[in-house]
Amino acid sequence: PTSAQVSAVPQPGRFRYTLDNDVLTTEQRQFYEDNGYLVIKKLVSDEDIERFRKEFVRICKREVTPPGAMIMKDESLRSQYGQSEKVVNKVQDFQEDKELFRYCTLPEVLKYVECFTGPNIMAMHTMLINKLPDSDTQTFLHPMHQDLHYFPFRPAARIVCSWTAMERADQDNGCLVVQPGTHRQPLKPHGYPELEGKANKLFHGLLDEDEKIPKVHLVMEKGDTVFFHPLLIHGSGINKTSGFRKSISCHFASSECYYIDVKNTSQEHLEKELVEMVHKKYDATSVELRDIWNFRARLVQGERINL
């Protein structure tokens, strides 16, 4: 409904990271320009969140198996809890699950997404994270990173993540931590952090983190949603409580974005790792990073152009 009021050309000079729109106030636009993120309170209803939570539980119990979804588990807990939400820490690529994909099509979310991407919107990367209790092993710590490291498409300013808290997220249960203003920095080299030899598959982190840049803990209530730039340096701590910390998110991009070749860049090793995983899982012989993203990507609004 807001397509007509959004111009796909950034305003020269003043706003680099948002498009002209009638949704964000000037203060909100300026905050995103300066900080690389913006929190909108109570954006997603309790009713919707409850529906997403129920679907997540059904996936955990294998009552439903979304095609192409990657269900990540802590195998060490399986003998204790079997097939339940106490074992699954993430459902990734849920774009073929009708119920969870509804999140990516919520008008209240898309209204904001369009301020960053313009009217032609692709859902590129979807995740429901269930941060399990994690006291000493730090298994579910996500090191500081930039999401653009994972993405072989540009320009970065036309990509935005929408991340919604499905229950209160704070420092105790591992809320998001951001370094405001880092979205203006270039993409940095990532790799596996030296966590006593422990590394979660594809949980890459910055190889050289600048500890001097202040960090902000995003304390969020259920339904609060943060929109952030793919170069913003962020991560999340461990969950020190006995409960779970759920969130649902989608990386959206303008369908006018284009794929790039990551050969000879800091992203090349990630391409190798992803392609190997797909080879193993699907017994596919010739797969390129672009093919993997084409499979994940789904149009949510407007016209599919490049992605």
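For the protein, an unreviewed UniProt entry supplies the name Phytanoyl-CoA dioxygenase, peroxisomal and the organism Alca torda. According to its UniProt record, the protein has this under Pathway (unreviewed entry): "Lipid metabolism; fatty acid metabolism." For the record of the protein, the UniProt heading Sequence similarities (unreviewed entry) holds the text "Belongs to the PhyH family."

J.: Any chance you could break down the overall build of the protein for me, citing the residues and the numbers?
T.: A count of helices and strands for the protein gives seven helices and 16 strands. Taking all 307 residues of the protein together, the buried fraction comes to 55%. In the protein, the proportion of contacts linking residues at least 24 apart, taken out of those at least 6 apart, comes to 80%. Here the protein has roughly 13800 Å² of accessible surface; of this, 51% comes from carbon and sulfur atoms.

J.: Requested: an account of the side chain of threonine 18, with residues and values cited.
T.: Among the secondary structure elements, threonine 18 is positioned in the segment before helix 1 (26–35). For threonine 18, a relative accessible area of 0% puts it in the buried group. Reaching out from threonine 18, the side chain makes a polar contact with the side chain of arginine 29 at a distance of 2.8 Å.

J.: Outline helix 1, listing residues and values.
T.: All of the buried residues in helix 1 are Arg29, Tyr32, Glu33 and Asn35. Those residues of helix 1 that are buried lie in contact with strand 1 (37–40), helix 5 (107–117), strand 7 (159–165) and strand 12 (225–228).

J.: Can you explain the pairing of strand 7? Please cite residues and give values.
T.: Burial within strand 7 is extensive, with seven of its seven residues counted as buried. Neither face of strand 7 is left uncovered, since the one carrying Ile159, Cys161, Trp163 and Ala165 and the one carrying Val160, Ser162 and Thr164 both have all their residues buried. Of the strand pairs in this sheet, strand 7 and strand 14 (residues 245–254) are connected by seven bridges, and their pairing is antiparallel. Across the sheet, the residue bridging to threonine 164 is isoleucine 248, located in strand 14. One ladder, built from four bridges, connects strand 7 with strand 12; its direction is antiparallel. The residue bridging threonine 164 from the neighbouring strand is threonine 225, located in strand 12.

J.: Before we move on, can you summarise the side chain of asparagine 130 with the specific residues and values?
T.: Position of asparagine 130 among the secondary structure elements: in strand 4 (residues 121–131). In this structure the side chain of asparagine 130 is engaged in a polar contact, spanning 3.2 Å, whose partner is the side chain of lysine 246.

J.: Any chance you could break down unusual backbone geometry for me, citing the residues and the numbers?
T.: Glycine aside, residues mostly have negative phi, and peptide bonds are mostly found in the trans state. Look at the link from arginine 154 to proline 155: it is a cis peptide, with omega at 5°. On the secondary structure map, proline 155 appears in the loop between strand 6 (153–154) and strand 7. The backbone phi angle of aspartate 93 is positive, close to 60°, even though this residue is not glycine. Counting through the fold element by element, aspartate 93 comes out in the loop between strand 3 (88–92) and helix 4 (98–105).

J.: Explain the packing of aromatic side chains to me, and be specific about the residues and the numbers.
T.: Scanning the model with the defined rule gives nine aromatic pairs in all. Between the aromatic rings of phenylalanine 31 and tyrosine 37, the centroid separation amounts to 5.3 Å while the plane-to-plane angle is 85°, which identifies the pairing as edge-to-face. Phenylalanine 31 sits in the partly exposed class, given a relative accessible area of 34%. Judged by centre distance (5.2 Å) and plane angle (10°), the rings of phenylalanine 151 and phenylalanine 153 are stacked. Residues phenylalanine 151 and phenylalanine 153 agree in their burial class; the two are buried.

J.: Residues and numbers for the pattern of salt bridges, please.
T.: Under the counting rule described, the total for this entry stands at 16 salt bridges. A salt bridge links arginine 53 to glutamate 50, with the nearest nitrogen and oxygen atoms 2.8 Å apart. Of this pair, arginine 53 and glutamate 50 both sit in helix 2 (residues 46–60), separated by three residues, roughly a single helical turn. Judged by relative accessible area, glutamate 50 falls into the partly exposed class, the value being 28%. In the salt-bridge network here, residues are joined through shared partners; they are Asp48, Arg51, Glu99 and Arg102.

J.: Could you give me a rundown of the environment of methionine 124, with the residues and numbers involved?
T.: Tracing the backbone through its elements, the reader meets methionine 124 in strand 4. In this structure, methionine 124 is in contact with Phe153, Cys250, His251, Ala253, Tyr259, Trp293, Arg296, Ala297 and Leu307, ignoring residues within four places of it in sequence.

Quick notes on the rules
Residues numbered from 1 in each chain as written. Predicted model: local features only at pLDDT ≥ 70, side-chain atom pairs only at ≥ 80, totals over all residues. Heavy atoms only, no water. UniProt positions renumbered as here; feature names shortened; annotations may be inferred. Helix = DSSP H or I, 4+ residues; strand = E, 2+ residues; numbered from the N terminus. Buried < 20%, exposed > 50% of the residue type's maximum accessible area, 1.4 Å probe, protein only. Contact = heavy atoms within 4.5 Å. Areas by Shrake-Rupley, 256 points an atom, 1.4 Å probe, with all protein chains shown as cover. Polar contact = N/O pair within 3.5 Å; in protein donor to acceptor, adjacent residues only side chain to side chain. Pairing = 2+ DSSP bridges. Phe/Tyr/Trp six-rings, centres within 6.5 Å; stacked < 30°, edge-to-face > 60°. Salt bridge = Lys/Arg side-chain N within 4 Å of Asp/Glu carboxyl O.

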